[in-house]
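Summary of the model geometry
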Amino acid sequence: MPTCLPRKTVVYIKKRSSQASVVVVYLATMLICLVIFGFAAVTLLDIFVTQPALEAEAAESGTTTDEEETVDYSDATETILFVGADGQDINAIVLLRVNPGEGSIAIVPVSKYTISTVSSTSGTMEYLFETGGMSYLKTAVENAFELTCDKYIKITNDGWTELCEYTGGMTSYVFPEDLYYKDEESGDLTSFSAGNSTRTLWGDDIRRIVTYPLYSNGEQTRVQVIGEIAVALINDAFDTNSENMLANIQNIFNTIYNNSDTDITSKTFAAVRDAYEYMLETASSPATYRMPHGEWNSSGYFELDEDAADEIQEYFGLNSVLEE
């Protein structure tokens, strides 16, 4: 009897070890199966549930990731006739083609001595304005360049000065020559030297530069100055003062509306406000200008070339619009 006990003990220990191994293998197999089936379940859930739900949500909102990066503001693209004038005295005439979606502003300065026709009346832009006001001037510009002005603004001197406060003035303008004139308030002789501006130019400064009567090449230089000033003023505003303009966009509209003869209303402004805000947030140095082609006749009036209208339409991108 004493010799049998050790054998039973050995047999007992081996049996326990074998059972433990089986349990370990079983548990390991279960874990592996859980991992495999769990991964498969998550993958199938993503394919058949999560992704379709995201696509459906995107479809309901009408946007996808790619569409969110593409903004269509083609409806806000417009041609604006901008006139600086106090009473019957025209300071400047500018055509602007504003394209918020592309972040561009194309500018054409127009001499007030440009010849055009309204109905049976022919004459300079200045004469037609004196004859029939903004209605005649708008039609005269449209007839001369064979396009439609979607909106017009004739702003007063006070309105122009206030508007320049919101744009932040002009710092990057380069004077084509020395300018000398008497200060309107003090009567003192003031001047600007040819070359880069040495200080910020504000509304009254800009108006005096635009209306300077003694340019060495007369009206031809003055019209070019109008184009250069328009570009410098707009690009400076976008590049250095866009945040302030965004914060005051309603005040800018109010300034134009309260100090202008304009067909812009609260409703038409609201329709393009988002597009202009988008442009202020995304565009930099958006403005360029182009001089219309023509000849100055012996009377000092500007006669457009036959192809001048086509060239301006192409510059504004209107040819493709007309073809559509």
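The structure presented is a predicted model; accordingly, all values stated were derived computationally and were not measured.

Scanning the chain from N- to C-terminus turns up eleven helices and 14 strands. Relative to its full complement of 324 residues, the chain shows a buried share of 40%. Accessible area of the chain: about 18800 Å², with a carbon and sulfur share of 54%.

A word on the sheet that holds strand β12 (residues 287-289). Ordered in space as β11-β6-β1-β2-β3-β12, the six strands form an open sheet in which the pairing is mixed. Two strands in the sheet have a free side with no partner beyond their single neighbour: β11 (260-262) and β12. On average, each strand axis in the sheet is inclined to that of its neighbour by 20°, with strand direction left out of account. Relative to strand β2 (residues 89-99), strand β1 (residues 78-86) runs antiparallel, the two being bridged by nine bridges. Note that in β2 the partner of alanine 85 across the bridge is isoleucine 90. The strands touched by helix α3 (residues 125-145) within the sheet are β1, β2, β3 (104-110), β6 (151-155) and β11, with β2 carrying the most contacts at an inclination of about 25°.

Relative to the elements of secondary structure, glutamate 78 occurs in strand β1. Remark: the alpha-carbon pair of glutamate 78 and leucine 96, spanning 18 residues in sequence, is separated by 8.1 Å. Apart from residues no more than four positions distant in its own chain, glutamate 78 is found in contact with Leu96, Arg97, Val98, Asp150, Lys151, Val272 and Tyr276. Among the polar contacts listed, one links the side chain of glutamate 78 to the side chain of tyrosine 276, at a separation of 2.9 Å.

All right, on to the nonpolar core then. Core analysis: the biggest nonpolar cluster contains 47 residues, and Leu96, Ile105, Ile107, Tyr173, Ile206 and Ile209 have the highest contact counts within it. Of all the elements, helix α6 (residues 218-240) adds the most residues to this core, at ten residues. Excluding its chain neighbours within four sequence positions, the residues that come into contact with isoleucine 105 are Leu96, Arg97, Val98, Ile234, Phe238, Met279, Pro286, Ala287 and Thr288. Within the second largest apolar cluster, 26 residues are counted, among which are Ile93, Leu137, Ala140 and Leu147.

Within this structure, the stated rule accounts for eight salt bridges. Of the charged contacts, one joins glutamate 78 and lysine 151 as a salt bridge, the two residues approaching to 3.1 Å between their closest N and O atoms. Remark: lysine 151 occurs in strand β6 and glutamate 78 occurs in strand β1; sequence separation between them is 73 residues. The two residues glutamate 78 and lysine 151 agree in class, both being buried. Close ionic contact of lysine 112 with glutamate 126 constitutes a salt bridge, the shortest N to O distance being 3.8 Å. Of this pair, lysine 112 sits in the loop between β3 and β4 (115-118) while glutamate 126 sits in helix α3, placing them 14 residues apart in sequence.

A separate point is the side chain of asparagine 235. With respect to the helices and strands, the residue asparagine 235 is situated in helix α6. A polar side-chain atom of asparagine 235 sits 2.8 Å from the main-chain amide nitrogen of alanine 287. If near-sequence neighbours (up to four positions away) are discounted, asparagine 235 is found in contact with Ser285, Pro286 and Ala287.

A regular strand places its side chains on the two faces of the sheet in alternate fashion. Bridging between β4 and strand β5 (residues 121-124) involves four bridges; their strand directions are antiparallel. Of the residues in β5, the one forming a bridge with valine 118 is threonine 121. In this antiparallel pair of consecutive strands, β4 and β5, the connection spans two residues, and serine 119 shows a positive phi of 55°.

Glancing now at α3. Side chains of residues three or four places apart in an α-helix project in the same direction, reflecting 3.6 residues per turn. For α3, spanning 21 residues, the distance from its first C-alpha to its last is only 13 Å, which falls clearly below the expected 30 Å at 1.5 Å a residue. The sharpest bend along α3 measures roughly 135° and falls at glycine 132. Taken together, the buried positions of α3 are occupied by Met125, Leu128, Phe129, Met134, Leu137, Lys138, Ala140, Val141, Glu142, Ala144 and Phe145. Where α3 terminates, the next one or two residues include glutamate 146, which has phi positive at roughly 55°.

We now examine the packing of helix α4 (residues 157-167) against helix α8 (residues 249-258). Interhelical geometry of α4 versus α8 gives an angle of 170° and a closest axis separation of 9 Å. Relative to α8, the element α4 is oriented roughly antiparallel. Facing α4, whose interface residues are Gly159, Glu162, Leu163 and Tyr166, α8 presents Asn251, Ile252, Thr255 and Ile256. In terms of residue class, the contact of α4 with α8 is built from four nonpolar, three polar and one charged.

Tallying each qualifying case throughout the model produces ten aromatic pairs. Here tyrosine 212 and tyrosine 215 contribute two aromatic rings whose centre-to-centre distance is 5.1 Å and whose plane-to-plane angle is 75°, an arrangement assigned as edge-to-face. Like tyrosine 212, the residue tyrosine 215 is buried in the burial classification. Aromatic rings pair up to connect Tyr173, Phe175, Tyr181 and Phe192 into one cluster.

About the thresholds
Residues numbered from 1 in each chain as written. Predicted model: local features only at pLDDT ≥ 70, side-chain atom pairs only at ≥ 80, totals over all residues. Heavy atoms only, no water. Helix = DSSP H or I, 4+ residues; strand = E, 2+ residues; numbered from the N terminus. Buried < 20%, exposed > 50% of the residue type's maximum accessible area, 1.4 Å probe, protein only. Areas by Shrake-Rupley, 256 points an atom, 1.4 Å probe, with all protein chains shown as cover. Pairing = 2+ DSSP bridges. Axes fitted to C-alpha atoms, helices over the stretch in contact; angles between N-to-C directions. Contact = heavy atoms within 4.5 Å. Polar contact = N/O pair within 3.5 Å; in protein donor to acceptor, adjacent residues only side chain to side chain. Core = buried A, V, L, I, M, F, W, Y, C linked by side-chain atoms within 4.5 Å. Salt bridge = Lys/Arg side-chain N within 4 Å of Asp/Glu carboxyl O. Expected span 1.5 Å × (residues − 1). Bend = angle between axes of the 7 residues up to and from the residue. Parallel < 35°, antiparallel > 145°, perpendicular 65-115°, else oblique. Nonpolar A, V, L, I, M, F, W, Y, C, P; charged D, E, K, R; others polar. Phe/Tyr/Trp six-rings, centres within 6.5 Å; stacked < 30°, edge-to-face > 60°.

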